[in-house]
Amino acid sequence: MPSPSSLPPDLGLSSEPWTLTPDELISGLRTGSDGLPAAEAAARLERFGPNELPGAAGRSALAILFAQFRSPLIYILLLAGVLTVVLEEYIDAGVIALILAINAVVGFSQEYRAEQSMAALRQLARARARVMRDGHEREVDASELVPGDVILIETGDRIPADAQLLRAAALEIDESLLTGESAVVGKRPGAVAADTALGDRHNALFMGSIVTRGRGRALVTATGMASELGRIAGSVSEIGEGQTPLQRRMASFAHIIGGAILVACLVGFGIGVGQGQPVGNVLLAMVALAVAAIPEGLPIVLTIALAISVRRMSQRHVIIRRLPAVETLGSCTVIGSDKTGTLTQNRMTVQAIHAGGREYQLTGGGYDAVGEFLEDGRPVAVPEALEDPLRLCLLVGALCNDASLLRRNDEYEVHGDPTEIALLVAAAKAGLLKDEIDERFRRQAEIPFESESRYAATFHRDEEGGGRRFVALKGAPEQVLEMAPRDLDGRALDVTALLERADQMAAQGLRVLAMAYRELPDAAELADPGAQLADLRFVGLQGLIDPPRPEAIEAVRGCQAAGIWVVMITGDHAATGLAIARRLGIAGPADGALTGVELEQMDDAELAARVDAVPVYARVSADHKLRIVRALRSRGEIVAVTGDGVNDAPALKAADIGAAMGRSGTDVAKEASDMIVTDDNFASIFAAVEEGRIAFDNVRKTTFFLISTGVAAVIAVLVSLLFGFPLPFLPAQMLWLNVVTNGVQDVALAFEPGEKDVLRRRPRPVGEGVISRLLWERTVLAGLVMATGTLALFLLELDAHGELGRAQTVALTTMVLFQLFHVGNSRSEHRSAFAKSPFSNPFLLVGTLIALALHVAALYLPLTQFVLRVEPLDLETWARMIVVAASIIVVVELHKLVRGPRRGLAPG
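Residues numbered from 1 in each chain as written. Predicted model: local features only at pLDDT ≥ 70, side-chain atom pairs only at ≥ 80, totals over all residues. Heavy atoms only, no water.

## Topic: the overall build of the protein
What the protein contains, in helices and strands, is 31 helices and 26 strands. A total of 908 residues make up the protein; the buried ones form 57% of that total. Within the protein, contacts between residues at least 6 apart in sequence are counted, and of these 72% link residues at least 24 apart. When the accessible area of the protein is evaluated, it comes to approximately 35,600 Å², of which 57% is carbon and sulfur surface. (Helix = DSSP H or I, 4+ residues; strand = E, 2+ residues; numbered from the N terminus. Buried < 20%, exposed > 50% of the residue type's maximum accessible area, 1.4 Å probe, protein only. Contact = heavy atoms within 4.5 Å. Areas by Shrake-Rupley, 256 points an atom, 1.4 Å probe, with all protein chains shown as cover.)

And the structure:
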């Protein structure tokens, strides 16, 4: 609700209007039960402003395009382009420009849909409203509502502003927009305690929620940005765009590379000048060194690797809205998931029945009316006699019911409240089909459910049973047992024992409904149906639950094996949330839940101290969810959080990765998210985690592969300067190696399939860079081997023929061959290159052959001979180069053997 400062202080209204009675609200807002005078409403509109949410100026297409160039690696690539222009290597400059353009186009296409959170919220607030003005009912634009207005609502209306109920008749509201829970909420007037959670305020109406049943009259207490919806909109707008773990890692990596290049150039310049070499030659060497060290192909390969994972994820029901979010999923250490519809099926199901003193279990889930009735684990048949307690319990649940369950083409079509649908499905499993029993047992009267009475009743005539009449009643167990303290045979019940049984069922996460029945005398008058509710007979209890998704149970287990902690964040009651969490394996028998009320009593430091030991958060609001995400992040966790309602938007945006639900999610949640789960299934999130880890592995492999070449070239140039050798490479040749021959293989390496242990590793340490310590060690080792082999053949060729151009061709070709072998080493950080089939990544096999073919062609084509200053080589030279280049496999295989197998597997 609005903070005290957002409420009109001179109107004398409490900052917690849900704590006030209708009379106190009317007095505090200086209005009447028939509303405000038009003049006063106009004055208040002038003062408090329109009842609407401000629109958001989304990023323009140009801004999104420029954003693709805000990366340290792109800056380095731009520098390489400038250097090639300075060297008048315009063809190479054109290649770099093409790489920049492709990188920008791919990133732009993924991020073109700009943030529209505020715009989506504004659309929710756009509505017409029926309001009392000058004692008369009028229809006005919802934007004209002010605090103190009296609004009229009925079934199908969207609540136009935050309000408190003055009157209500069978009023039920869908507040999933704010609470995330699909069950409708009964509403009635009357004050509630100040610490009542948002989802339990039975007297409060919230902007954007929908009336599913009944009608009412309410007093507007907050409009526009002062409403709950507006406060959430404000929270979303205040949350800035943070960097993803990959962006932070790549920025750090770029700084390392940039610093290393600067140091190498300074050292090389000092060596060259100190030896008395011409400054021009030394500068040319430094340009060659810088171009060799810059991984020109890395930005585009990074984009391609992430784009490949985006495509793979789309096949697994996940749409990625921002490319870096791919890797973030693979880095996450905590997933905070909604319960309803994500971990559960979002389909209420009857799982337990107590009738006639016996306990039954029902198999089957969802709305497919197929399943068995079990007693002590053994199937039992439901007796045909209507007097049987089990059959009568099912019949009452199906008759006192306004939902529909129709079978069409072997499929069931359902409409209505999920709880009532579940009762129909349970009855259908016993052969009691809704259309058939409605035809036989004609409804003559009804008493709709009221929050105050806590029951509903229907009155029927049996057209096949001699016209006998009866009443079917369902409701809360304590209420029904008070009205029906006897069994079907008229014996007094042990009410205390039955209530204990209902409590036991509730402790298992079941929503418990009690059924009662009474045959009516022929002369019973139904003009006043309530008068016929005396002497009811208790029939039984039905326990319903929104069951966990079977695949979610496996996914939670998989997350835990991968070292990822799953927590449940729900607007449901603590007992229900804990019961489901225990079934899923999220919580253990000794674990408890932290409620929104308890969370309110903690400051941020206290919450951060508790957050790593709480598996379930229940009865939480938007503020609570946001605080939970921030508390987890403050402890160094990489947090993924799911959501579908407006209330989830701040948390989705504040998390490292926000995952919105595609089916049930609001536009606000989707626009605040980094990814959309199209089937609303937690298992799909787990699948995306796997793809995210594969994506980072491939980013790491491609980075290692590219950097190895750069290190080798830098060593070769520095050694040449130190000993006064001619330069083994020209800048254009280094660009050819980095961008073309290596680039083809690097792109193909991005298609590498995931390794078998990818989901058994612990999440990567937050501080670990793109290249691990082990790979840095291997990079230096590989660089030394490649530099040594290249320089040895370069000097041998120079000594044998005395032609610098031919010797530089040998050096360049040797490096190309080194990379052809080294790409096999790069396919796994720990596994042998010989343990991976070359056909498991056909892109890499073809890419390697293409890279070799391109280089061979470059040695013979006049244009590339001119641009690269290369020439054809004889077979003897080729043989010598191949033997030397193959040594890289031997060295890296020995390094893998010495450094041992992978460490850091999660316990599983």
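Continuing now.
## Topic: the side chain of T31
The residue T31 is located in the loop between α1 (22-28) and α2 (38-48) in this model. There is a polar contact of 2.9 Å between the side chain of T31 and the backbone oxygen of G148. Beyond its immediate sequence surroundings of up to four residues, T31 is in contact with I26, L36, G148 and L219. (Polar contact = N/O pair within 3.5 Å; in protein donor to acceptor, adjacent residues only side chain to side chain.)

## Section: the packing of aromatic side chains
Under the definition given, this model contains 4 aromatic pairs. Ring geometry for F723 and F725: centres 5.8 Å apart, planes at 20°, overall stacked. Looking at F723, the relative accessible area reads 55%, which means it is exposed. According to the relative accessible area criterion, F725 is partly exposed, its value standing at 30%. Note on F751 and F843: the rings are 4.2 Å apart at their centroids and 25° apart in plane angle, and the pair reads as stacked. With F751 in the loop between α26 (731-749) and α27 (773-801) and F843 in helix α29 (residues 842-860), this pair connects stretches of sequence that are 92 residues apart. For F843, a relative accessible area of 48% corresponds to the partly exposed category. Taken together through their ring pairs, the aromatic side chains of F441, F470 and Y517 make up a single cluster. (Phe/Tyr/Trp six-rings, centres within 6.5 Å; stacked < 30°, edge-to-face > 60°.)

## Re the pairing of strand β24 (residues 639-643)
β24 sits mainly inside the fold: 5 of its 5 residues count as buried. In β24, alternate side chains face the same way, and those of V639, V641 and G643 on one face and A640 and T642 on the other are all buried. Pairing of strand β9 (residues 334-337) with β24 involves 3 bridges; the strand directions are parallel. When the bridges of β24 are listed, I335 appears paired with A640. (Pairing = 2+ DSSP bridges.)

## Some remarks on the sheet that holds β9
Strand order in the open sheet made by the 8 strands is β8-β26-β25-β24-β9-β21-β23-β22, with mixed pairing throughout. Two strands bound the open sheet, and with one partner strand each, they are β8 (318-320) and β22 (593-595). Adjacent strand axes in the sheet meet at a mean angle of 20°, parallel and antiparallel pairs treated alike. With 3 bridges connecting them, strand β25 (residues 657-661) and strand β26 (residues 675-677) associate as parallel partners. Residue pairing for β26: A660 is matched across the bridge by I676. Taken strand by strand, helix α25 (residues 682-723) contacts β8, β9, β21 (565-569), β24, β25 and β26, and its axis lies near 160° from that of β9. (Axes fitted to C-alpha atoms, helices over the stretch in contact; angles between N-to-C directions.)

## Some details on the nonpolar core
In terms of nonpolar packing, the biggest core is built from 132 residues, with I335, F459, L473, L533, M675 and F682 touching the most fellow members. Sorting elements by how many residues they give to this core places α25 first, with 19 residues. (Core = buried A, V, L, I, M, F, W, Y, C linked by side-chain atoms within 4.5 Å.)

## Quick look at the sheet that holds strand β18 (residues 469-475)
The sheet built from 9 strands is open, its strands ordered β13-β12-β11-β10-β20-β19-β18-β17-β16 with antiparallel pairing. The open sheet has two free edges, formed respectively by β13 (378-380) and β16 (441-447), since each of these has just one partner strand. Here the strands of the sheet are splayed against their neighbours by 30° on average, with no regard to which way each runs. Sheet strands in contact with helix α14 (residues 418-429) are β10 (349-355), β11 (358-362), β12 (373-375), β18, β19 (511-520) and β20 (537-545), and its direction is about 110° off that of β20. Running at roughly 10° to β20, helix α17 (residues 495-507) makes contact with β10, β11, β19 and β20 of the sheet.

## Notes on a nonpolar patch on the surface
Judged by side-chain polarity, F839, L845, V846, L849, I850 and L854 come together as a nonpolar surface patch covering roughly 550 Å² of accessible area. Looking at the secondary structure, you find L854 in helix α29. What makes L854 partly exposed here is its relative accessible area of 33%. (Patch = residues over 30% accessible without salt bridge, like charges linked within 9 Å, V, L, I, M, F, W, Y side chains within 5 Å. Salt bridge = Lys/Arg side-chain N within 4 Å of Asp/Glu carboxyl O.)

## What about the confidence of the model for the protein?
Averaged over all residues, the pLDDT of the protein equals 83, while 85% of them reach at least 70. When pLDDT is averaged over each helix and strand of the protein, the minimum, 41, is found for helix α6 (residues 117-125) and the maximum, 96, for helix α13 (residues 389-399). Taken together, the stretch residues 1-7 has pLDDT below 50 and engages in 20 contacts with residues farther than four places along the chain or on a different chain. Below pLDDT 50 for its whole length, residues 113-126 participates in 46 contacts with residues either more than four positions away or in separate chains. (pLDDT = per-residue confidence, 0-100.)

## Observations regarding the pattern of salt bridges
This structure, assessed with the given rule, holds 44 salt bridges. Here R461 and E463 are joined by a salt bridge, their closest N and O atoms 3.7 Å apart. By relative accessible area, which is 33% here, R461 ends up partly exposed. In this structure, E752 engages K836 in a salt bridge whose closest nitrogen and oxygen atoms are separated by 3.0 Å. Residue E752 is located in the loop between α26 and α27, and its partner K836 is located in the loop between α28 (804-825) and α29; the two are separated by 84 residues in the primary sequence. Like E752, the residue K836 is buried in the burial classification. Connected through shared salt-bridge partners, R440, D462, E464, R468 and E519 make up one network.

## A look at α13
Here α13 lies mainly inside the structure; 10 of its 11 residues are buried. If you check which residues of α13 are buried, you get L390, R391, L392, C393, L394, L395, V396, G397, A398 and L399. A distance of 3.0 Å separates the backbone nitrogen of L390 from a side-chain oxygen at the start of α13, and that oxygen is part of D388.

## Remarks on the pairing of β10
Taking burial as the measure, the 7 residues of β10 include 6 buried ones, the bulk of the element. Strand direction decides the pairing type here: β10 and β20, joined by 6 bridges, are antiparallel. Counted as the bridge partner of I353 is Q542 from β20. When β10 meets β11, the two strands line up antiparallel, connected through 4 bridges. Along β11, the bridge assignment pairs A352 with Q361.

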